[in-house]
Amino acid sequence: MIPKKDLDFPKMGGADIKNKKSILLWDKKKILLLLLLAVPLLIIGTFSLMKLPVVSSAMDGPGFCGRCHVMQPYVETYLASSHRDAATCGSCHVPHDVLRGGAYKAYTGTKDLLAVLTGRDEHIRISNLGKDVVQENCLRCHNTLMREIGDTRENGGSYCFDCHRGVPHMK
Amino acid sequence: MRDKKTLLIVTAVVIVFLIAVGSVVFYYQNKEVTEEPILSAIKDDEADPAVWGKYYPRHYDSYQKNLIVDTEEDYSKYGKYGGAFEKVSHLDKYPYMKTLFAGYGFSVEYNEDRGHLYTLEDIRNITPVRQKAGAVCNTCKSAQIPSLIEKYGEDYYLMGFEEINDQLKHSIACLDCHDPKTMELRISRPALLEALKSQGKDPDKLTRQEMRSLVCAQCHVEYYMQPETKKLTFPWGKGLKADEMLEYYDDLNFSDWLHPDSGTKLIKAQHPDYELFVNSTHYAAGVSCADCHMPYVKEGNVKITSHWWTSPLKHMEQSCLVCHRESAEELKERIFYTQDRTYEMKNLAGKTIEKAIQEIAKSAKTAGVNEKILDEARTLHRQAQWYWDWMAAENSMGFHNPQESLYILGKAVDCAHKAIEKAQEARTAER
């Protein structure tokens, strides 16, 4: 059916101009549609890249995060903790899933870089968003242990690290 | 039309990709798995902890530890003050208390408390003089009380001690602090709900961390019974500090009893544990009662909230060392440093008040005494004993708030000395 219709088109008188117009119109729509699809995909793709095996491991851990002097006390105390064997910086400080993880890492990485470049990095304090990320990651690994208690943060409760202040590195 | 086809393919690929990403996200969203028991099986007014225990065996086990009764030798390994003892008398330990509480039930029998599972047994065995206040004495002794208050309404407070006590089977239990439907913390005692409302707080909008203290504040607070209705009320109208409560009582012209020797209208303070804790350094740091008294403890491969209500000195590892980096020994030394000083000041204040009572009594018997100055001495005695009792009845020997404790006891000593001076002045002054 379709090929036959295709063949039919050129035979119609004066259809050429109309068809050209319609193709032009159609093209604009197509471009718009493609853009609408491609831009988010590109963003998602770039973010996801942050969590893909090679990039993820290259841009994480004491070797990467500890490269700036300002991080040294935290990296050094972390290296002396038992978490050293089980978790790297991003295991706690970046959401685990690809999509949110990638987006958060891109955002917080840019923010930290800007802070270092502009010299506003004297006092490192975790952000409220960052706290929620860490809390989620505490429970991601320790969920079996915490299955009775659940999320201590629920309904205005405390974060795990409000009490476990020195875990896994100094505050 | 080939373009249409391409578009279809592109759309399909995009959809597949999005589904794939979605599934990956979903797969990794492995959030904490919580054990969910059959909540609806527990009745709304189930006061029997054993029934709850079927669904929460680990919590019930830790709750059963409340049956442990300390011997003085055992307890000395942990702490110096407090402890869950069977009938250790305050009156033997602090003889001056007999003078201070003369004319009141507390001078007849006043024992160290023994824990939440003995509330009914101990209140039934106390001297009948102490049960005279009536039904209201039972309010913090059983998990069945909230439903009885609901049943009788405001009449509950006017009923006799035994009328209510005979109906009680279960001591403090799960229902006192938990909603059986959701297991969320809840406030079951009307007095606290009313006190919170009087402070402009919405009891429905309290955070989990606030609730972890407020469930304790249902009972571990100073309270009084309104003269006419005998309704149990918290004196929080002017604030939670000792001075503010005294002001509140003075405005009401409230007193619990008349001291037979000095003729002073006195107020009995009741364990203001929560009020002293508020404004302490721990409270300011966001710590709740439960954080120290009900720490998360490991039971096998799971952590639960301990329901053994006792001195944190018995489990410093879980209570203190989670936040503090110092050793348990160092911290304990710090605690004793606070408690030893509070203890000394408490006894100093108590003995000074005893002297004040004797001086006022002596003046009262003196013919031609200046009554106006003597009344001033009585007012000072009322203040001194209020401050002293605030700290004497409080359960932490100062640790809940060291600075405030010594401030309050300092006030007590000062008022007692002024009372002595005034009483002596009343004898020598011109009429």
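Along each chain, the written sequence defines residue order, and numbers are assigned to residues from 1. For this description, chains carry letters from A and ligands carry numbers from 1, given in the order in which they are written. Residues qualify for local features only when their pLDDT is at least 70, as the model is predicted, and side-chain atom pairs are given and counted only at 80 or more; totals for whole chains, interfaces and linings, by contrast, use all residues.

Draft legend 1. Representation of the confidence of the model for chain A in the model. All names here are of chain A. With 85% of its residues at a pLDDT of at least 70, chain A reaches an overall mean of 83. Mean pLDDT across the elements of chain A bottoms out in helix H1 (residues 2-11) (49) and peaks in helix H8 (residues 128-141) (95). Across residues 10-15 the pLDDT falls below 50, and counting only partners more than four positions away or on other chains, this stretch makes 1 contact in the model. Scored from 0 to 100, pLDDT reflects the predictor's confidence in each residue. Helix and strand assignments follow DSSP, with helices taken as H or I runs no shorter than four residues and strands as E runs no shorter than two, numbered in order from the N terminus. We call two residues in contact when their backbone-placed C-beta atoms lie within 7 Å.

Draft legend 2. Here's a closer look at the environment of A:His96. Residues and elements named next belong to chain A. Mapping His-96 onto the fold places it in the loop between helix H6 (89-93) and helix H7 (98-117). Neighbour density around each residue's C-beta defines its exposure: 20 or more other C-beta atoms within 10 Å make it buried, 12 or fewer make it exposed, and counts between make it partly exposed, where C-beta atoms are placed from the backbone. By the C-beta count within 10 Å, which is 19 here, His-96 ends up partly exposed. Residues His-96 and Asp-60, spaced 36 residues apart in sequence, show a C-alpha to C-alpha distance of 13 Å.

Draft legend 3. Region of the structure containing helix H8 (residues 145-152) of chain B. All names here are of chain B. Here H8 has its buried residues at Ile-145, Pro-146, Leu-148 and Ile-149. Angularly, the buried residues of H8 cover 160 degrees about the axis, an arc narrow enough to put them on a single face. Facing away from the buried surface of H8 by more than 90 degrees, the exposed residues are Glu-150 and Lys-151. Tucked inside the fold, the buried residues of H8 contact helix H9 (161-165) and helix H10 (190-198). This arc describes the spread of directions from the helix axis toward the C-beta atoms.

Draft legend 4. Summary view of the interface of chain A and chain B. Each partner contributes to the interface: chain A provides 29 residues, whereas chain B provides 30 residues. Of all elements in the fold, only H1, helix H2 (15-49), H7, H8 and helix H9 (160-163) of chain A reach the threshold of two or more residues within the side of chain A that touches chain B.

Draft legend 5. Spotlight on the packing of helix H17 (residues 328-365) of chain B against helix H19 (residues 402-428) of chain B. Residues and elements named next belong to chain B. Relative to each other, H17 and H19 sit at 20 degrees, their axes nearing to 8 Å. The angle between the axes of H17 and H19 places the two elements in the roughly parallel class. Two packed elements cross with a definite hand, and for H17 against H19 that hand is left-handed. Residues were grouped as follows: Ala, Val, Leu, Ile, Met, Phe, Trp, Tyr, Cys and Pro as nonpolar; Asp, Glu, Lys and Arg as charged; and all remaining residues, including Gly, as polar. Taken together, the residues that form the contact of H17 with H19 break down as 16 nonpolar, 7 polar and 5 charged. Under this scheme, a helix contributes an axis fitted over its contacting stretch, all axes are lines through C-alpha atoms, and angles between N-to-C directions fall in the 0 to 180 degree range. By definition in this entry, angles of less than 35 degrees are roughly parallel, angles greater than 145 are roughly antiparallel, angles of 65 to 115 are roughly perpendicular, and the rest are oblique. Definitions for this section: a left-handed crossing has its near helix turned counterclockwise from the far helix by less than a right angle. A right-handed crossing has that turn clockwise.

Draft legend 6. Seen up close, unusual backbone geometry. Cis rather than trans, the peptide bond between A:Val167 and A:Pro168 has omega equal to -10 degrees. Relative to the elements of secondary structure, A:Pro168 occurs in the segment after H9. Residue B:Lys230 is not a glycine yet carries a positive backbone phi of 60 degrees. Tracing the backbone shows B:Lys230 in the loop between strand E1 (224-225) and strand E2 (232-233). Judged by local crowding, B:Lys230 falls into the partly exposed class, with 18 C-beta atoms found within 10 Å.

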